[in-house]
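Now for the letters of each chain:
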Amino acid sequence: MGWPYFGETFQLYTQNPNVFFSSREKRYGEIFKTHLLGYPCVMLASPEAARFVLVTHAHLFKPTYPRSKERMIGPCALFFHQGDYHTKLRKLVQSSLAPETLRRLVPAIDSAATAMLRSWDGRVLSTFHEMKKLSFDMGILTIFGGHLDKYRRDELKKNYFVVDKGYNSLPNKFPGTLYNKAIEARRRLRDILGEIMEERRHKGTTVDKDLLSSFVEWRDTKGNKLTDEQISDNIIGVLFAAQDTTASVLTWIVKYLHDDPKLLDAVKAEQMAIYESNGCGRQPLTWAQTRRMPLTHWVLLESLRMASIISFTFREAVADVEYEGYLIPKGWKVMPLFRNIHHNPKFFPDPHKFNPSRFEISPKPNTFLPFGNGVHSCPGNELAKLEILIFVHRLVTQYRFVVVGTDGSEVEYSPFPVPKLGLPVRLWRMPGV
Ligand code: HEM
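Residues numbered from 1 in each chain as written. Predicted model: local features only at pLDDT ≥ 70, side-chain atom pairs only at ≥ 80, totals over all residues. Heavy atoms only, no water.

No protein donor other than Cys378 (SG) coordinates the iron atom of the ligand, and that contact is at 2.3 Å. Within the fold, Cys378 resides in the loop between helix 15 (338–342) and helix 16 (381–398). (Donors = N, O, S within 2.8 Å, 3.2 Å for Na, K, Ca; no water. Helix = DSSP H or I, 4+ residues; strand = E, 2+ residues; numbered from the N terminus.)

What follows concerns the pattern of salt bridges. Per the counting criterion, the structure on display carries 25 salt bridges. For Lys132, the salt bridge goes to Asp244, with nearest N and O atoms at 3.0 Å. Linking Lys132 in helix 7 (residues 127–144) with Asp244 in helix 11 (residues 228–259), this pair joins segments that are 112 residues apart in sequence. Considered together, Lys132 and Asp244 belong to a single accessibility category, that of buried residues. In this structure, Lys157 and Asp137 form a salt bridge, with 3.3 Å as the shortest nitrogen-oxygen distance. Pair noted here: Lys157 is in helix 8 (residues 150–167) and Asp137 is in helix 7, with a separation of 20 residues, a long-range link. The class of Lys157 is partly exposed, set by a relative accessible area of 23%. Within the structure, one salt-bridge network assembled from shared partners comprises Asp149, Arg152, Glu195 and Glu199. (Salt bridge = Lys/Arg side-chain N within 4 Å of Asp/Glu carboxyl O. Buried < 20%, exposed > 50% of the residue type's maximum accessible area, 1.4 Å probe, protein only.)

On to the packing of aromatic side chains. Evaluation of the coordinates by the stated rule reveals 18 aromatic pairs. Measuring from ring centre to ring centre gives 6.2 Å for Phe52 and Phe61, while their planes differ by 70 degrees; the resulting arrangement is edge-to-face. Exposure remark for Phe52: the relative accessible area of 11% places this residue in the buried category. In this structure Phe61 comes out as buried when scored by relative accessible area, which is 2%. Here the aromatic residues Phe136, Tyr160, Phe161, Tyr167 and Phe240 are joined through ring pairs into a cluster of three or more. Cation over ring: Lys333 sits above Tyr39, and NZ or CZ is 4.2 Å from the ring centre. (Phe/Tyr/Trp six-rings, centres within 6.5 Å; stacked < 30°, edge-to-face > 60°. Lys NZ or Arg CZ within 6 Å of the ring centre and 35° of its normal.)

Let's shift gears to the sheet that holds strand 9 (residues 399–403). Strand order in the open sheet made by the three strands is 4-12-9, with antiparallel pairing throughout. Edge positions in the sheet fall to strand 4 (124–126) and strand 9, since each has one partner strand and no second. Going across the sheet, the axis of each strand differs from the next one's by a mean of 35 degrees, ignoring polarity. For strand 4 and strand 12 (residues 424–429), the ladder comprises three bridges, and the chain directions are antiparallel. Within strand 12, the residue paired with Leu125 across the bridge is Val425. Sheet strands touched by helix 7: strand 4 and strand 12. Its angle to strand 4, the strand with the most contacts, is close to 65 degrees. Relative to strand 9, helix 16 is tilted by about 95 degrees, and along the sheet it contacts strand 9 and strand 12. (Pairing = 2+ DSSP bridges. Axes fitted to C-alpha atoms, helices over the stretch in contact; angles between N-to-C directions. Contact = heavy atoms within 4.5 Å.)

Here we take up the confidence of the model for the protein. On average, the protein scores 93 in pLDDT, and the residues at 70 or more come to 99%. Here the predicted complex carries an ipTM of 0.99, next to a pTM of 0.95. (pLDDT = per-residue confidence, 0-100.)

Quick look at the UniProt feature "binding site: heme" (unreviewed entry) in the protein now. In the numbering used here, UniProt assigns the feature "binding site: heme" (unreviewed entry) to Cys378. The exposure class assigned to Cys378 is partly exposed, which follows from its relative accessible area of 28%. (UniProt positions renumbered as here; feature names shortened; annotations may be inferred.)

With that out of the way, let us pick up the layout of surface pockets. In this model, the second largest pocket occupies a volume close to 540 Å³. When contributions to the lining of the second largest pocket are tallied by element, the ones reaching two or more residues are helix 2 (17–28), helix 11, helix 14 (294–307), helix 15 and strand 10 (411–413). For the lining of the second largest pocket, the element with the highest residue contribution is helix 2, accounting for five residues. For the lining of the second largest pocket, a count of residues per class yields nine nonpolar, nine polar and four charged. (1 Å grid on protein atoms, 1.4 Å probe; cavity = no way out; pocket = protein on both sides within 12 Å on 5 of 7 lines; lining within 4 Å. Points joined across faces, edges and corners; volume = space filled by probe spheres on them. Nonpolar A, V, L, I, M, F, W, Y, C, P; charged D, E, K, R; others polar.)

A separate point is the site of the ligand. Not every one of the 25 residues close to the ligand is listed here, only the nearest: His86, Arg90, Thr313, His376 and Cys378. His86 places a side-chain nitrogen or oxygen 2.7 Å from an oxygen atom of the ligand. Note that an oxygen atom of the ligand is positioned 2.8 Å from one of the side-chain N or O atoms of Arg315. Elements supplying a minimum of two residues to the shell around the ligand: helix 5 (83–96), helix 11 and helix 16. The leading source of residues in the shell around the ligand is helix 11, at six residues. Among the residues making up the shell around the ligand, the classes are represented as 15 nonpolar, eight polar and two charged. (Near = heavy atom within 4 Å. Polar contact = N/O pair within 3.5 Å; in protein donor to acceptor, adjacent residues only side chain to side chain.)

Let us look at a positive patch on the surface. Taken together, the side chains of Arg67, Arg71, Lys173 and Arg187 define a basic patch exposed on the protein surface. Positionally, Arg187 belongs in helix 9 (residues 178–203). (Patch = residues over 30% accessible without salt bridge, like charges linked within 9 Å, V, L, I, M, F, W, Y side chains within 5 Å. Areas by Shrake-Rupley, 256 points an atom, 1.4 Å probe, with all protein chains shown as cover. Lys, Arg positive; Asp, Glu negative; His and termini not counted. Charge placed at Lys NZ, Arg CZ, Asp CG, Glu CD.)

Moving on: a nonpolar patch on the surface. A cluster of nonpolar side chains, contributed by Trp3, Tyr5 and Phe6, occupies part of the molecular surface with about 460 Å² of accessible area. With respect to the element layout, Trp3 can be found in the segment before helix 1 (9–14).

If you trace the five strands from one edge of the open sheet to the other, you get 1-2-8-5-3, paired in mixed fashion. The two strands at the open ends of the sheet, each matched to only one other strand, are strand 1 (31–36) and strand 3 (61–63). Recorded for the sheet is a direction-independent mean angle of 35 degrees between the axes of neighbouring strands. Pairing analysis gives three bridges linking strand 3 to strand 5 (residues 315–317), with the strands arranged antiparallel. By the bridge assignment for strand 5, Lys62 is matched with Glu316. Packed on one face of the sheet, helix 2 meets strand 1, strand 2 (39–44) and strand 8 (333–336) and runs near 135 degrees to strand 1. Helix 3 (residues 47–56) contacts strand 1, strand 2, strand 3, strand 5 and strand 8 of the sheet and is inclined by roughly 125 degrees relative to strand 8.

Set out below in structure tokens:
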């Protein structure tokens with residue numbers, strides 16, 4: 001359990017977190033305890049234990065986040081809740097991310113990826129930085145459909161990025177600190193969202209139902225509505241959940257493709273066949289085509305496994321719970337370790353090798369959890385995958401790219417792992433495409 005109060009927090013923050021968790025798993029087995037950030041914690045590196053906490057006994061483990069993060073995103077955001085309120089909001093979010101909705105988004109995602117790559121042409125830019133912009137735009141598209149004017153979108157973007165910058169800073173409210181600036185920008189975001197909601201209520205339903213209309217039009221059996229606070233916290237929550245996650249995975253895919261020229265050629269061949277069947281870009285990429293990219297899809301799954309950008313999640317035991325003879329005391333934090341499971345040779349032989357062909361066969365149940373599991377699992381997973389497939393299609397069919405100034409082997413945590421400096425890359429548009 002480490003030092004009194006501090007536990008092993010210092011060790012976690014001074015070494016590679018993957019080494020921290022994997023060395024302890026090696027020493028103590030798949031279930032062990034420690035003390036982090038002032039809390040006693042139980043670590044679970046077995047698929048069965050993760051399923052117990054996240055799926056079969058989820059009611060005994062509530063989501064838990066630091067209070068400063070909760071304040072920044074908004075306490076009414078669905079991921080902080082359990083029970084009826086969570087179920088109600090989750091249904092609304094899930095329905096706006098359902099396949100019928102995503103299918104309609106293909107042209108808009110395609111033009112956003114195309115425009116982003118065009119603006120990168122001939123320049124060296126941080127991949128992660130560019131991917132953050134792309135995934136933010138995709139978040140906006142999901143929430144507001146195509147119905148947000150440029151002025152409001154720019155205002156949301158400007159303030160959102162201030163919040164984003166302060167999100168992982170020390171929660172110090174002194175004027176001028178990143179945290180304080182973020183809190184002020186958060187307030188402005190709520191005001192802008194309030195105006196947009198007012199306008200939407202006034203104008204009525206949009207033809208293509210987006211997430212905002214689902215929130216604004218929702219009524220329970222007694223006619224109660226969601227409050228403005230609940231809606232804005234959930235909109236900011238979805239933007240947060242969608243952005244750095246998707247951007248980190250996109251960055252890793254660029255690196256993995258760059259590092260394996262043979263694999264890149266094979267992915268390119270798969271994508272060129274689609275590109276040529278679309279008259280070399282004269283006809284648009286379709287939803288059906290995004291469903292028929294087997295190799296690119298395996299590359300995507302293997303990137304999710306290798307990078308495991310969400311290494312673990314946190315829950316808190318709401319009662320004393322017994323699991324396989326272990327007591328998990330009430331109030332202790334419980335951390336299913338996704339990355340350890342993804343890097344266990346029992347489930348993924350030679351786990352440190354990037355090998356997309358391992359996904360030709362489905363992984364064993366509960367061993368592949370890049371989007372979590374159970375009631376809080378990621379409702380945006382299909383959108384994230386769609387964005388990634390479309391981006392890869394445009395990247396490999398129309399551009400050549402090279403990593404610049406780094407071999408990409410060093411990793412930064414922001415807080416998700418990304419290659420150092422966000423992977424600086426130079427891109428060129430290939431002639432004649
Ligand atoms: C590759 C990109 C993504 C990854 C790896 C990812 C991963 C995850 C994971 C692991 C969770 C579960 C966390 C837990 O159980 O504590 C989660 C939850 C969530 N994700 Fe994602 N996510 C991604 C993209 C997205 C996108 C694009 C959206 C929305 C447009 C989104 C929205 C959400 C929401 C709202 C939750 C909370 C669900 C709930 O509490 O019921 N995510 N995500």
